[in-house]
Amino acid sequence: MAFVSFEVGGERPPVTYSYRGPITESVIAATSQSLRARLLEQQVEKQLARRIFSSFVELTYNILHHGVPEPSGEGRTLHHGELRLEERDNCFELTATSRMTREAASGLLEKIAQFAGMTRDQIRFEYQLRISNLQYEPADSQRVGAGLGLVTLARDARGPLRARFEDTEEADAPTCLFSICSTI
Amino acid sequence: MDALNIEATTLTPRIQLDFQRDHLQFSGESFPEDVHSFYAPVFARLQQYLQEKSDRPIQVDLEFTYVNSASTRSLQQLLTLLDKAAGAGRTINVRWIVCDGDDALTDLGDDLLHDKRWLRYNVEVKTPG
């Protein structure tokens, strides 16, 4: 995997890490480890590196859980996405982009907007409340995820999460490109 | 009851459940895609063990270095299971072991354990070297 570092006219921050391609469990295993190695190589402070790693894992699983898989040849479908970590003004911006249904994208935007108006203490409280409430879930619940992914991202970010979606080339396509950006 | 030993992988923790010695250990990282499939058989064995009548205390060592949000639910399930057993009369001691400076895992331990009614627990900080 090639690491790209560039600046174009002072507008584009250096890319510390990027990945574009299929998102599967084994890809998450491999890319998370190479991200970790990259952060170590860059001597990123430990606590900051942990938050970046955690956010990376949450964002990649967000793609798996909410994204729309695409045909990948030989009759298979796979989720695809792009993750990009850029260094900017002594912090890092981690962006994840993938294809989603408009309905899923709107739902995520709404949830993200809920956290935008909260203070850090309120987000932390929300996180603790959700963890505590998990003990009342049925033991055999097979719900994917724990409802904690976005609040974990919000908790680890320096500021509000940003998200947007944009239409693809086909005007009446049921899917869109959805991006979440966390400043860590 | 036979012990359960699961080696760690990139995505899943090492699990050593020594039922003969009443010593249960979980360590490493936890972020598999299918958290339920990974932990369900472990919890089923644990449930079986906890249902046996015994007055021997149980030592539980939890030394996680990373837990994603989905795995946090499984940890909560584990601790709730243990808390219920403790409420039914079993003495259960939990050591939540963290590396010095790991605020995220220190906070997680507190978030998961502070509201357990019957478990005894302590947070142990490991210093490097």
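Since the model is a prediction, treat every value here as computed from it, not as a measurement.

Secondary structure summary: chain A contains 5 helices and 6 strands in total. Put simply, chain A has 184 residues, and 47% of those count as buried. Taking the contacts inside chain A whose residues are at least 6 apart along the sequence as the reference set, 64% of them involve residues at least 24 apart. Split by element, the accessible area of chain A, about 9700 Å² in all, is 51% carbon and sulfur.

Okay, the pairing of strand 5 (residues 92–99) of chain B next. Along a regular strand, successive side chains alternate from one face of the sheet to the other. Residue and element names in this part refer to chain B. Sheet topology note: the strand 4 (residues 58–67)/strand 5 ladder contains 5 bridges and is parallel. When the sheet's bridge partners are listed, D61 is paired in strand 5 with R95. Read from strand 4 through helix 2 (residues 69–87) to strand 5, the crossover connection turns out right-handed. Relative to strand 6 (residues 120–126), strand 5 runs parallel, the two being bridged by 7 bridges. Across the sheet, V98 pairs through a bridge with V125, a residue of strand 6. Regarding the hand of the β-α-β motif, the stretch spanning strand 5, helix 3 (residues 103–113) and strand 6 is right-handed.

We now examine the pattern of salt bridges. Evaluation of the coordinates by the stated rule reveals 21 salt bridges over all chains. The salt bridge involving D22(B) is made with R56(B); its shortest N-O contact spans 2.4 Å. Taken together, the residues span a long stretch of sequence, with D22(B) in the loop between strand 2 (14–18) and strand 3 (23–30) and R56(B) in the loop between helix 1 (35–51) and strand 4 at a distance of 34 residues. Of the residues examined, D22(B) reaches a relative accessible area of 5% and is grouped as buried. R95(B) is the partner of D61(B) in a salt bridge, and the nearest nitrogen-oxygen pair spans 3.0 Å. Placement of the pair is D61(B) in strand 4 and R95(B) in strand 5, with a sequence separation of 34 residues. A residue is classified by how much of its surface remains accessible, and R95(B), at 26% relative accessible area, is partly exposed. When salt bridges that share partners are traced, they join R20(A), E82(A) and R84(A) into one network.

On to helix 1 (residues 25–41) of chain A, then. Residue and element names in this part refer to chain A. Helix length check: helix 1, at 17 residues, gives a terminal C-alpha distance of 24 Å against a target of 24 Å (1.5 Å per residue), a fit within 8%. Of the positions making up helix 1, those classed as buried are V27, I28, A29, T31, S32, L35, R38 and L39. Buried-residue contacts for helix 1 involve strand 1 (15–23), helix 2 (46–66) and strand 3 (77–88). Downstream of helix 1 by one or two residues, Q43 has phi in the positive range, about 55 degrees.

What counts, and where the lines are drawn
- Residues numbered from 1 in each chain as written.
- Chains lettered and ligands numbered in written order.
- Predicted model: local features only at pLDDT ≥ 70, side-chain atom pairs only at ≥ 80, totals over all residues.
- Heavy atoms only, no water.
- Helix = DSSP H or I, 4+ residues; strand = E, 2+ residues; numbered from the N terminus.
- Buried < 20%, exposed > 50% of the residue type's maximum accessible area, 1.4 Å probe, protein only.
- Contact = heavy atoms within 4.5 Å.
- Areas by Shrake-Rupley, 256 points an atom, 1.4 Å probe, with all protein chains shown as cover.
- Pairing = 2+ DSSP bridges.
- Right-handed = clockwise from strand over helix to strand, strands pointing away.
- Salt bridge = Lys/Arg side-chain N within 4 Å of Asp/Glu carboxyl O.
- Expected span 1.5 Å × (residues − 1).

These values are about where atoms sit, not about what they do.
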